[in-house]
Amino acid sequence: MKNKIYLILSLLIIGGVLLYNYIYQDHRDISQETATYEITATNLVKDFVKDISYTQNKYLNKTIEVTGTITANGNNSITLNNAVYCTFSNSTKATLNTTITIKGRFIGYDDLLEEVKLDQCTIKN
Amino acid sequence: MKNLTTLSLTLLISVLVFAQDKYLTKIGTINLEASVPSFEEVKATNEATTFILNTANGEFAALVFVKAFRFKNALMEEHFNENYAESDTYPKANFKGKLIDFDLNKLSDNQETLNYTGTLEFHGKIKTLEKLPITISKNDTDQIILTGTFEVSVDDFDIDIPKVVSNKLSKTVVVTFNFNLSKKQ
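Since this is a predicted model, take the numbers as computed values, not measurements.

**Some points on the confidence of the model for chain B**
With 89% of its residues at a pLDDT of 70 or more, chain B shows a mean pLDDT of 89. Interface scoring of the predicted complex returns ipTM 0.85; its pTM is 0.85.

**Thoughts on the interface of chain A and chain B**
Listed per partner, the contact involves 19 residues of chain A and 19 residues of chain B. Going through the elements one at a time, helix H1 (2–23), strand E4 (84–88), strand E5 (99–110) and strand E6 (115–123) of chain A are the ones with two or more residues in the side of chain A that touches chain B. Looking at the side of chain A that touches chain B element by element, the count peaks at three residues for E5(A). Residue classes in the side of chain A that touches chain B are distributed as eight nonpolar, six polar and five charged.

**Looking at the nonpolar core**
Core analysis: the largest hydrophobic core is formed by 54 residues, its most contacted members being A:Val84, A:Cys86, B:Phe51, B:Val64 and B:Leu181. For this core, the leading source of residues is strand E3 (residues 59–65) of chain B, giving six residues. Setting aside chain neighbours within four positions, we find B:Phe51 in contact with B:Leu24, B:Thr25, B:Gly28, B:Phe60, B:Ala62, B:Phe179 and B:Leu181.

**Considering the pairing of strand E2 (residues 63–73) of chain A**
Residues and elements named next belong to chain A. Of the strand pairs in this sheet, strand E1 (residues 37–40) and E2 are connected by four bridges, and their pairing is parallel. Bridge pairing in E2 links Glu38 to Glu65. Strand direction decides the pairing type here: E2 and E5, joined by seven bridges, are antiparallel. Note that in E5 the partner of Thr63 across the bridge is Arg105.

**Considering the pairing of strand E8 (residues 144–153) of chain B**
Residues and elements named next belong to chain B. For strand E7 (residues 125–138) and E8, the ladder comprises four bridges, and the chain directions are antiparallel. Counted as the bridge partner of Ser137 is Ile145 from E8. With antiparallel pairing between neighbouring strands as the criterion, E7 and E8 make up a hairpin whose turn holds five residues, including Asp142 at a positive phi of roughly 65°. Sheet analysis places E8 next to strand E9 (residues 172–183), joined by 10 bridges and oriented antiparallel. Residue pairing in the sheet places Ile144 in a bridge with Leu181 of E9.

What counts, and at which threshold
- Residues numbered from 1 in each chain as written.
- Chains lettered and ligands numbered in written order.
- Predicted model: local features only at pLDDT ≥ 70, side-chain atom pairs only at ≥ 80, totals over all residues.
- pLDDT = per-residue confidence, 0-100.
- Contact = placed C-beta atoms within 7 Å.
- Helix = DSSP H or I, 4+ residues; strand = E, 2+ residues; numbered from the N terminus.
- Nonpolar A, V, L, I, M, F, W, Y, C, P; charged D, E, K, R; others polar.
- Core = buried A, V, L, I, M, F, W, Y, C linked by C-beta atoms within 7 Å.
- Buried ≥ 20, exposed ≤ 12 C-beta atoms within 10 Å, placed from the backbone.
- Pairing = 2+ DSSP bridges.

Now the structure itself:
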């Protein structure tokens, strides 16, 4: 009888822990993920010129690594080749006109500004 | 017909992008809240919205990346994307319209309230927003600051809330936005 109670109790605890971990699971950590695609900024833009919706679906929500030249930078952002806009969770420093590889999550193609947008970026090299 | 729509849309976008007198941001903030008191808050923030204001006529266009809404709770974020916003199918929301009686020269440090009329496209459905208030000001670094809030119903966008969670989730979603626009270089 006592054993049964212990068994039920431990099952409940295990179940509770599993449920808690499911409900309060961690967010994706883009900086720790392996990139699904590695591409140069030039080729990424070429893909979009060819077919916007196909390319957008291909990359949407994926972690990608983009290599390109820094054409603009802000407090929390870097623009590669005037066409890939990357935002960082922390403030970042980078030198204009240098080549860089950035890892981030693709969130969409901005057709107002004709730019690709990545968030949660980190600098690779 | 579809081609015509695409063409006119492309033309419209090119006009929006290439015309002069543009103020814009690429990191506009939008908050969504559908919390019910005494339950876990249902709240998300998006800091990747592109917003462009044409200061010649007060027309604006915003592009919201649905995947960029971040929730405190990762599971909630997953459910939002998969079951409600269906962001794989509808990765973008559009918000466009016109500020009524907008005049760039009248803007100052003091917050002023204008009205705007516009449309909001989300989850493949379009809702018209009529004469809603928006707060506008311009600071000494030549930034235009726009803030506002409005409410929408999930029914307007054809989003079903399952019975199981219906008491923890408000059908009315409060949308708050904040855009700091800089002049386009």
